[in-house]
Amino acid sequence: MLSRRVEVSLPWFSLTEPRQQKMDQSYLTYLKSLPKKRMAAGILARNQAGHVLIVKPTYRDGWGIPGGVVDLNESPAQAAVREFREELGLILREPLKLVCIEYQRPLPGRTESLQFLFAAPVITQPQIERIVLQEAEIEQAIFLPPDEAITLLGPSLGRRIQRGLEGLCGDCVYAEVA
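It should be emphasised that the depicted structure is a prediction, and the values quoted were computed from it without experimental measurement.

The rules behind these values
Residues numbered from 1 in each chain as written. Predicted model: local features only at pLDDT ≥ 70, side-chain atom pairs only at ≥ 80, totals over all residues. Heavy atoms only, no water. Core = buried A, V, L, I, M, F, W, Y, C linked by side-chain atoms within 4.5 Å. Buried < 20%, exposed > 50% of the residue type's maximum accessible area, 1.4 Å probe, protein only. Helix = DSSP H or I, 4+ residues; strand = E, 2+ residues; numbered from the N terminus. Contact = heavy atoms within 4.5 Å. Pairing = 2+ DSSP bridges. Axes fitted to C-alpha atoms, helices over the stretch in contact; angles between N-to-C directions. Salt bridge = Lys/Arg side-chain N within 4 Å of Asp/Glu carboxyl O.

A. Representation of the nonpolar core. Of all hydrophobic cores here, the largest spans 22 residues; its most connected members are Ile43, Phe84, Leu92 and Phe118. Elements represented by at least two residues in this core include exactly strand 4 (38–44), strand 5 (52–57), helix 2 (76–88), strand 8 (113–119) and strand 9 (138–144). It is helix 2 that contributes the most residues to this core, 6 residues altogether. Once you skip the residues sitting within four places of it in the chain, isoleucine 43 turns out to touch Ile65, Pro66, Ala80, Phe84, Leu92, Leu96, Leu117, Phe118 and Ala120. In this structure, Leu44, Trp63, Ala119 and Ile161 belong to the second largest nonpolar core, which totals 16 residues.

Quick look at the structure:
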């Protein structure tokens, strides 16, 4: 069998043999110059009656859902699972169903972001009884019928939850919002 050495020269990297890649400094500089977006991930959790889990954070007014910021080198799904565990003491198993991705345009005082919403498997009564709130962040967690939960969550998060509920029955929903 004959083997042939292939050389490819591109501005950012070169391949001198199969599976060997050498990035040059200009490519690394280019990568560092790319824009960075904030990302957050949340969990759409429902009980056996189809009620939606919402939480009341201690650090801001209003209601939210379990979730938070995606950390450096963490996937959105990993962040959602981590936040759910930290806030409620329950461990979710991946894979989760991605039901909504929302791009939020920048507004005065807020940078652009990507918001990921994952659906958890139905939370059973024995799991609900094992919920332990992270007192530093969460003061209350309740399951409400979807319409009531959406109203308490406010316009932005409420719309995302509505889209997520639609995504449960089909494909993931993508939305761009101001």
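B. Structural context of the sheet that holds strand 8. Here we have 5 strands laid out as an open sheet, ordered 6-4-8-7-10, and mixed in their pairing. With partners counted over all chains shown, the strands left at the sheet margins are strand 6 (67–69) and strand 10 (173–177), one partner each. Sheet twist, expressed as the average angle between the axes of neighbouring strands with direction ignored, equals 15°. On top of the sheet, helix 4 (residues 146–168) reaches strand 4, strand 7 (97–104), strand 8 and strand 10; it is set at about 145° to strand 7, its chief contact.

C. Examining the pattern of salt bridges more closely. With the rule as written, the count across this model stands at 8 salt bridges. The salt bridge partner of arginine 82 is glutamate 86, with a shortest N-O separation of 3.4 Å. Of this pair, arginine 82 and glutamate 86 both sit in helix 2, separated by 4 residues, roughly a single helical turn. The residue arginine 160 makes a salt bridge to glutamate 102 at a minimum N-O spacing of 3.2 Å. A residue pair is termed long-range when its members are at least 10 positions apart, and arginine 160 in helix 4 and glutamate 102 in strand 7 qualify at 58 residues.

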